[in-house]
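Secondary and tertiary structure notes
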Amino acid sequence: MSDVIYNQLLNMLRPFITKMDTNMRDSISANERLAVTLRYLVTGRSFEDLKFSSIISPTTISMIVIEKCEAIVTVLKDLIQLPQTPEAWKIVASDFNDKWNFGNCLGAIDGKHVDIKKPPNSGSMYYNYKGIFSIVLMAIVNANYQFTMVDVGANGRISDGGVLYYTKFWEKFENNTLNIPLPSCLPNTSGTYPYVFVSDEAFSLKSNLMKPFSQHELTNHRRIFNYRLSRARRVVENAFGIIASKYGVFQRPINLCPEKAVKIT
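Let me sum up the structure you'll find in this document. Since we're looking at a predicted model, the values are computed, not measured.

Some details on the overall build of the protein
In terms of helices and strands, the protein carries nine helices and seven strands. In terms of overall dimensions, the protein has a C-alpha envelope of 70 × 40 × 30 Å along the principal axes. Each of the 265 residues in the protein was classed as buried or not, and the buried ones make up 43%. Long-range contacts, defined here as pairs at least 24 residues apart, represent 60% of the contacts in the protein between residues at least 6 apart. Accessible area for the protein stands at about 14,700 Å²; split by element, carbon and sulfur atoms hold 53% of it.

Brief notes about unusual backbone geometry
Backbone geometry places Asn 101, a non-glycine residue, at a positive phi of 55 degrees. Position of Asn 101 among the secondary structure elements: in the loop between helix 5 (86-100) and strand 1 (105-115). In this model, Asn 104 sits at a positive phi of 55 degrees, which is unusual for a non-glycine residue. Summarising the element assignment, Asn 104 is placed in the loop between helix 5 and strand 1.

Quick word on the pairing of strand 2 (residues 134-141)
Counting buried positions along strand 2 yields eight of eight residues, so the element is predominantly enclosed. Of the two faces of strand 2, both are covered, the one formed by Ser 134, Val 136, Met 138 and Ile 140 as well as the one formed by Ile 135, Leu 137, Ala 139 and Val 141. Relative to strand 2, strand 1 is paired through eight bridges, and the arrangement is antiparallel. Paired with Asp 110 across the strands is Ala 139, a residue of strand 2. By the bridge criterion, seven bridges tie strand 2 to strand 3 (residues 147-155) in an arrangement that is antiparallel. Bridging across to strand 3, Ile 135 finds its partner in Asn 155. Between strand 2 and strand 3, which pair antiparallel in sequence order, lie five residues; one of them, Tyr 145, sits at a positive phi of approximately 65 degrees.

Some details on the nonpolar core
Ranked by size, the top nonpolar core spans 54 residues in total, and within it Leu 34, Tyr 40, Phe 96, Val 198, Ile 254 and Ile 264 carry the most contacts. Discounting residues that sit within four places of it in the chain, Ile 254 has contacts with Tyr 40, Val 114, Asp 115, Ile 116, Lys 117, Val 249, Ala 261, Ile 264 and Thr 265. Formed by 20 residues, the second largest nonpolar core is a distinct cluster that contains Trp 89, Val 163, Trp 170 and Phe 197.

About the criteria used
Residues numbered from 1 in each chain as written. Predicted model: local features only at pLDDT ≥ 70, side-chain atom pairs only at ≥ 80, totals over all residues. Heavy atoms only, no water. Helix = DSSP H or I, 4+ residues; strand = E, 2+ residues; numbered from the N terminus. Buried < 20%, exposed > 50% of the residue type's maximum accessible area, 1.4 Å probe, protein only. Contact = heavy atoms within 4.5 Å. Areas by Shrake-Rupley, 256 points an atom, 1.4 Å probe, with all protein chains shown as cover. Pairing = 2+ DSSP bridges. Core = buried A, V, L, I, M, F, W, Y, C linked by side-chain atoms within 4.5 Å.

Below, the structure is given as structure tokens:
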């Protein structure tokens, strides 16, 4: 992170840091608190390890990280939002057509399992099909690898399709309040086709939610369609890979309770 971006983030967070840290030792400045939080997120090092470079006790670091993550979410959450008008959706669709050759696409949907340490007395609630304990990060990504919707906190035992049903996005999707544009022509066609979100086989097929054809029913045309859909859908997989490579906290299980892991994610 450049010094300019760091200072901008610090200035944006300072009012929230001051408000939330009334019970914290005054000797730890706002700059130090933000720095240790970002170091934890980027490196994924344990609180016990960070005490040597920050000269702050692990208990205090744990308090700082959670409070700063809450402040970051409060300040920056509005930067992640879905388009609000049909015209804005059409710009997203145009990007997908230009970059990934899939017309009338509004975004790629998928979920990422964020590894956590098994919570005490949780049984198999957070145990997923990969054989690990996790919470689910559900997201929609546009053609430029930018997140337009994020929902996190569902336990890893629920499938990606099941997690989507509990999001505010799905409520608006089902109620037709997303302002999705009316069907329009695709390039080199005369018929009209709906605007769609693309996903993998874990999700249900809907008029505005497209998934690939089953592997058991493929023809040559369907195989080409699956290839095109896969090119558009992989942007969400790539976006997850980018954040996992940038933030070391996602490269190993988060050794905190699910509620705190949600705030960090």
